[in-house]
Amino acid sequence: MFKSLEILLRGMNFKNDDYELVQDFLSGDQQAFNNLARKYQEKIYWHARRILGDHDDAHDVVQQVLLVMYNKLNTFNYSSSLYTWIFKITYTRSLNQLKKRKLKRIITLNFSDDIENPGYENIVDNLENKEELIRMQKMLNKLPLKQREVFILRNYDELSYDEISSITGKSVGALKANYFHAFKKIKELMGKDEN
Amino acid sequence: MKTEERIIKYLDNDLTSEEKTAFERELKSSEELKREFEKYSIIKEKIKNKKNLKLNPDYLNSILPEFHNKVHSGKKETLRRGLSYAFDLILIFLIGITVQKILFNNSDKERNDLEKFTQSLNDNQKLDLLESLNGSDDLYNIILGKEYVDLLENDLVVNEDVLKTYDIGYKDLIGNLSDNDVEKIYNELLNRNI
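What comes next concerns the included structure.

Reading the values: the criteria
Residues numbered from 1 in each chain as written. Chains lettered and ligands numbered in written order. Predicted model: local features only at pLDDT ≥ 70, side-chain atom pairs only at ≥ 80, totals over all residues. Heavy atoms only, no water. Helix = DSSP H or I, 4+ residues; strand = E, 2+ residues; numbered from the N terminus. Buried < 20%, exposed > 50% of the residue type's maximum accessible area, 1.4 Å probe, protein only. Contact = heavy atoms within 4.5 Å. Areas by Shrake-Rupley, 256 points an atom, 1.4 Å probe, with all protein chains shown as cover. Buried area = accessible area lost by both parts, 1.4 Å probe. Salt bridge = Lys/Arg side-chain N within 4 Å of Asp/Glu carboxyl O. Polar contact = N/O pair within 3.5 Å; in protein donor to acceptor, adjacent residues only side chain to side chain. Nonpolar A, V, L, I, M, F, W, Y, C, P; charged D, E, K, R; others polar. Axes fitted to C-alpha atoms, helices over the stretch in contact; angles between N-to-C directions. Left-handed = near helix turned anticlockwise from the far one by under 90°. Core = buried A, V, L, I, M, F, W, Y, C linked by side-chain atoms within 4.5 Å. Domains from an automatic or database assignment. Phe/Tyr/Trp six-rings, centres within 6.5 Å; stacked < 30°, edge-to-face > 60°. Lys NZ or Arg CZ within 6 Å of the ring centre and 35° of its normal.

## Details of the overall build of chain B
Now for step 1: On a plain count of helices and strands, chain B comes out with 10 helices and 0 strands.
Now for step 2: Secondary structure elements of chain B occur, N-terminal to C-terminal, as α-α-α-α-α-α-α-α-α-α.
Now for step 3: Within chain B, buried positions represent 21% of all 194 residues.
Now for step 4: By sequence separation, contacts in chain B at least 24 residues apart represent 54% of the contacts at least 6 residues apart.
Now for step 5: Put simply, chain B shows about 15000 Å² of open surface, and 54% of that area lies on carbon and sulfur atoms.

In structure tokens:
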């Protein structure tokens, strides 16, 4: 049974190393989990960071996602790739973090959308990179959440519309429409910024 | 399909092969389409250049140790909470047993014994006991406990007629006697050498 599942998974283009790492971790190998974490932590961080626009929030999301992976990898049933599964968790946790932040702003009567501490100072070394990132982040923050999500998942995380659909639960048609509006808006914002 | 939609779909590799060929042909011939296309392709290029940006290694290396600390402290906290709950449960159980023992088991048993005891007494014995309970200050309280003394007193229900007889005082005895009756009783007592 186990052998046939393994052959099936290999045949379905699953990343073999992910599969082996998950199996090793579930057998009690903590190092296997560390390898999985190292492999995905940067992608998790940047996705959360682009959705949230804030280092501290993105850092919290990374820790939360690792914790979910640690506790729930035994429930991962290989119906999708591990990469998609992790992104689904990251996406959900980022949205929750966004809700928490909005609630916090309501409680503290702070209605500004500006990120006070983007926190690029110690995260990226190159000054040019920092400036460009801040510029792009400001534009992303101006997109409605639905458009921002698909724009980030498609352009930065390089996921297909089918994968984005399985993560967000939205139809491919709706995602394409949101992506079109997002791209158009970014072009307008970039034009204004340059002028 | 509008121009912008075609550009975005082209960059997103979402056109059919026929649409793609037609778009590329038009791109060569139309300056307007070329200008518009460049605006979008610059964005795409910028994203492409910045999306694989590497995080500071010091920060990256700090993620896992922090995570393991949280997991470790989380386990400690879970164990501490578990022990605390276990202790609370034991404490509640012991208190429950004690309360049950006091209120239901022992109390009921002793209450029944007390009732049986008082029912076995005749009225005179009950009166004697009541007199002892009232006259011995705290002695019975110390021996039996105040709550049992109270229960005992409540159980010692004495027949009302007997109680009236018991309560007859000196004045009640002599109040209705004439001087002759008193003289007669006195002489009788003298004759009997009491």
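Back to the write-up after that little detour.
## Things to note about the overall build of chain A
Now for step 1: Scanning chain A for helices and strands turns up 9 helices and 0 strands.
Now for step 2: When the helices and strands of chain A are placed in sequence order, the string is α-α-α-α-α-α-α-α-α.
Now for step 3: A buried classification covers 51% of the 195 residues belonging to chain A.
Now for step 4: Long-range pairs, those at least 24 residues apart, make up 64% of the contacts in chain A between residues at least 6 apart in sequence.
Now for step 5: Put simply, chain A shows about 10100 Å² of open surface, and 52% of that area lies on carbon and sulfur atoms.

## Here's the deal with the interface of chain B and chain A
Now for step 1: Across the boundary between the two partners, chain B contributes 29 residues, which contact 41 residues of chain A.
Now for step 2: Both faces combined, the contact of chain B with chain A buries some 3500 Å², and carbon together with sulfur accounts for 61% of it.
Now for step 3: Across the chain B-chain A interface, the total number found is 6 salt bridges.
Now for step 4: Notably, a salt bridge pairs Asp14 of chain B with Lys176 of chain A, separated by 3.2 Å at the nearest N-O pair.
Now for step 5: Across the chain B-chain A interface, the total number found is 14 residue pairs in polar contact (both at pLDDT 80 or more).
Now for step 6: Elements with a minimum of two residues in the side of chain B that touches chain A: helix H1 (3–11), helix H3 (31–51) and helix H4 (57–120) of chain B.
Now for step 7: Looking at the side of chain B that touches chain A, the element that brings in the most residues is H4 of chain B, giving 10 residues.
Now for step 8: Considering only residue class, the side of chain B that touches chain A consists of 13 nonpolar, 2 polar and 14 charged.

## Examining the packing of helix H3 (residues 30–52) of chain A against helix H4 (residues 55–72) of chain A
All names here are of chain A.
Now for step 1: Where H3 meets H4, the axes come as close as 8 Å, and the angle between the chain directions of the two elements is 145°. Along this stretch, H3 crosses H4, giving a crossing that reads as right-handed. On H4, the residues touching Gln30, Phe33, Leu36, Ala37, Gln41, Ile44, Tyr45, Ala48, Arg49 and Leu52 of H3 are His55, Asp57, Ala58, His59, Val61, Val62, Val65, Leu66, Met69 and Tyr70.
Now for step 2: Split by residue class, the contact of H3 with H4 holds 14 nonpolar, 4 polar and 2 charged.

## A short note on the nonpolar core
Residues and elements named next belong to chain A.
Now for step 1: Counting residues in each nonpolar core, the largest one holds 79 residues, and the members touching the most others are Met69, Leu73, Leu82 and Phe151.
Now for step 2: Broken down by element, the residue count for this core peaks at 11 residues, all from H3.
Now for step 3: Residue contributions to this core reach at least three from each of two domains, namely domain 1 (7–124) and domain 2 (143–195).

## Here we look at the pattern of salt bridges
Now for step 1: Under the criterion given, the structure shown has 14 salt bridges over all chains.
Now for step 2: Between Asp18 of chain A and Lys39 of chain A there is a salt bridge, with the nearest N and O atoms lying 2.7 Å from each other. Here Asp18 of chain A, found in helix H2 (residues 16–26), pairs with Lys39 of chain A, found in helix H3; they are 21 residues apart in sequence, far enough to count as distant.
Now for step 3: You can call Lys39 of chain A partly exposed: its relative accessible area is 30%.
Now for step 4: Each of Lys184 and Lys187 of chain A together with Glu4, Glu36 and Lys39 of chain B takes part in salt bridges that share partners, so that together they form one network.

## With respect to the packing of aromatic side chains
Now for step 1: Tallied over the full model, the rule gives 20 aromatic pairs over all chains.
Now for step 2: An angle of 45° between the planes, with centres 5.4 Å apart, marks the rings of Phe25 of chain A and Tyr70 of chain A as tilted. Taken together, the positions of Phe25 of chain A in helix H2 and Tyr70 of chain A in helix H4 put the pair 45 residues apart, joining distant regions of the chain.
Now for step 3: Three or more aromatic residues joined by ring pairs form one cluster here, namely Phe151, Tyr161, Tyr179 and Phe183 of chain A together with Tyr40 of chain B.
Now for step 4: When the ring centre of Tyr161 of chain A is taken as origin, the NZ or CZ atom of Arg154 of chain A, which lies over that ring, is 4.6 Å away.

## Observations concerning unusual backbone geometry
Now for step 1: The phi angle at Tyr78 of chain A is positive, at roughly 65°, despite the residue not being glycine.
Now for step 2: Looking at the secondary structure, you find Tyr78 of chain A in the loop between H4 and helix H5 (82–107).
Now for step 3: Residue Tyr78 of chain A is classed as buried on the basis of its relative accessible area of 11%.
Now for step 4: A positive phi angle, near 55°, is found at Asn13 of chain B, a position not held by glycine.
Now for step 5: In this structure, Asn13 of chain B sits in the loop between H1 and helix H2 (17–29).
Now for step 6: Residue Asn13 of chain B is classed as exposed on the basis of its relative accessible area, which comes to 59%.

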